[in-house]
Amino acid sequence: MEKRGSLFLGFLFFSLVTISTGQVKEIKNSETLAMCPVPENSSPKGHSPKLFVFGDSYVDTGNLQPFRSSGGCVLTDYIASFLGINSPVQYEKRNLAENKAELKNGMNFAYGGSGVLKEAWNNHSMTIQINNFKQQIKEKVFTKYDLENSAALVSHAGNDYTYLYLNQSGTIKDVHALAGRVVDQLVKNVKEIHELGVKKIAILGSPPRGCWPQLNPRPRTNCNATWNEESRFHNQLLTEALKNVEESEKNAFVFLDLYKAMDLALQKNKENSDYENPLEPCCDGVSDEYWCGMKDQKGAEMFTVCRQPESSFFWDKVHPSQNGVHAIFLDLIPSLERLLLIC
Ligand SMILES: *[C@@H]1O[C@H](CO)[C@@H](O)[C@H](O)[C@H]1NC(C)=O
Ligand SMILES: *[C@@H]1O[C@H](CO)[C@@H](O)[C@H](O)[C@H]1NC(C)=O
Ligand SMILES: *[C@@H]1O[C@H](CO)[C@@H](O)[C@H](O)[C@H]1NC(C)=O
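To start, this report covers the structure provided alongside it. (Residues numbered from 1 in each chain as written. Chains lettered and ligands numbered in written order. Predicted model: local features only at pLDDT ≥ 70, side-chain atom pairs only at ≥ 80, totals over all residues. Heavy atoms only, no water.)

As a further point, take the sheet that holds strand S6 (residues 253-256). Strand order across the open sheet formed by six strands is S2-S3-S1-S4-S5-S6, with parallel pairing between neighbours. The sheet is open, and its two borders are formed by strand S2 (89-90) and S6, each paired with just one other strand. Relative to strand S3 (residues 106-108), S2 is paired through two bridges, and the arrangement is parallel. The residue bridging Val-89 from the neighbouring strand is Met-107, located in S3. Sitting on the sheet, helix H8 (residues 225-243) is in contact with strand S5 (200-204) and S6, with an inclination near 160° to S6. (Pairing = 2+ DSSP bridges. Helix = DSSP H or I, 4+ residues; strand = E, 2+ residues; numbered from the N terminus. Contact = heavy atoms within 4.5 Å. Axes fitted to C-alpha atoms, helices over the stretch in contact; angles between N-to-C directions.)

Structure (structure tokens):
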């Protein structure tokens, strides 16, 4: 397979807030509880913990760009709703006056394009995100009590791997060889979040990256088995590492099987929807060099948006649409229930 243009670079050029058809708009955090609803009775009553979020575009709600990667709600928004709170304020927007009140929901440090290694599609690694969190604690934005009544959400969908493969001329063997280092660092990071006082930490496994339109030649008919195997390998190393943590930490970590949830949601989408093909993104560049939202030098739009975004599975080359995210979220609810055992 020929390598394609850089994965998340598209976002840097993605200057529009509204795509032609009007589907993508900025979602206010204060509206997410209503806009990203969870099934009745799935959510706890009368308990409002804070949520701290670390990782990549699967959970970034606006640190890299003003809107969310799904074109609508992302997992962070649904998980916040599940905890009975609005989506936490984005780290980059924490000082905006209108956001001060939102500090009560925690803070989102996640940054689209990041991984756990020093450099991925950007230099906002999870370690740096955790340093930003420490700084907030130092500045007493969050107290010990806040931390004791909080949960964290951590995502590593695969930027360290795709950066190595697509930007650094790595082979799929190199990707395989990197997994040990990535998982070691990821586990170090989640342990550190726990040591800072956060009670419960939900850790998303890698999704089946072989189904990403980004890693599939057009027309997309099947998921790439090799890339899916690499996702499963990462998840296997991660779950083993989480089993081997000290007894006192075991209950703190909740593994969210994003691979299984996305795989299942993709199958259901195939069976139940009249959407043309769940493996084709709704919003896509006119050719492989272009991403959803990109324009050429003359300002002409170099992407198209599908007619039925609400039933598409993928929003763009890497991210599920709101519809896809919602289906994934529903499958994760039983695991998320373990997060509710906070304090
Ligand atoms: C990250 O930082 C290094 C060193 O400062 C720099 O060479 C590199 O271009 C940066 N990478 C990105 C994606 O910004
Ligand atoms: C990817 O690699 C190219 C060089 O091949 C470099 O110019 C570009 O800045 C890199 N992109 C990112 C996001 O690091
Ligand atoms: C799947 O991806 C691997 C690694 O990029 C590639 O070598 C292989 O040809 C791909 N398989 C298919 C069927 O496209």
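Having seen the model, we can carry on.
Okay, the pattern of salt bridges next. In this structure the tally under the stated criterion is twelve salt bridges. Here Lys-50 ties to Asp-146 by a salt bridge, and the two come within 3.5 Å at their closest N and O atoms. Within this pair, whereas Lys-50 is found in strand S1 (residues 50-54), its partner Asp-146 is found in helix H5 (residues 144-148), the two being separated by 96 residues in sequence. Accessibility assignment for this pair places Lys-50 and Asp-146 in one class, buried. In this structure, Lys-250 and Glu-247 form a salt bridge, with 3.4 Å as the shortest nitrogen-oxygen distance. Of the two residues, Lys-250 and Glu-247 are both situated in helix H9 (residues 247-250); the distance of three residues between them amounts to about one turn of the helix. Residue class for Glu-247 comes out exposed when judged on its relative accessible area of 61%. One network of salt bridges, in which partners are shared, links Arg-218, Arg-220, Glu-280, Asp-284, Asp-288 and Lys-317. (Salt bridge = Lys/Arg side-chain N within 4 Å of Asp/Glu carboxyl O. Buried < 20%, exposed > 50% of the residue type's maximum accessible area, 1.4 Å probe, protein only.)

A word on the site of ligand 3. In the vicinity of ligand 3, the contacting residues are Tyr-165, Asn-224 and Trp-227. Tyr-165 has a polar side-chain atom sitting 2.7 Å from an oxygen atom of ligand 3. Within the side chain of Asn-224, one N or O atom sits 2.4 Å away from an oxygen atom of ligand 3. (Near = heavy atom within 4 Å. Polar contact = N/O pair within 3.5 Å; in protein donor to acceptor, adjacent residues only side chain to side chain.)

Packing of helix H7 (residues 172-195) against H8 brings their axes to within 9 Å, and their N-to-C directions diverge by 25°. One finds that H7 runs roughly parallel with respect to H8. You can see that H7 and H8 cross each other, and the crossing is right-handed. Contacts from Ile-172, Val-175, His-176, Ala-179, Gly-180, Val-182, Val-183, Leu-186 and Val-187 of H7 reach H8 at Thr-226, Trp-227, Glu-230, Phe-233, His-234, Leu-237, Leu-238 and Ala-241. (Parallel < 35°, antiparallel > 145°, perpendicular 65-115°, else oblique. Left-handed = near helix turned anticlockwise from the far one by under 90°.)

Note the cis peptide between Arg-218 and Pro-219, where omega equals -10°. Looking at the secondary structure, you find Pro-219 in the loop between S5 and H8. The phi dihedral of Lys-140 is positive, around 60°, even though this residue is not glycine. Topologically, Lys-140 is positioned in the loop between helix H4 (126-138) and H5. Residue Ser-169 is not a glycine yet carries a positive backbone phi of 55°.

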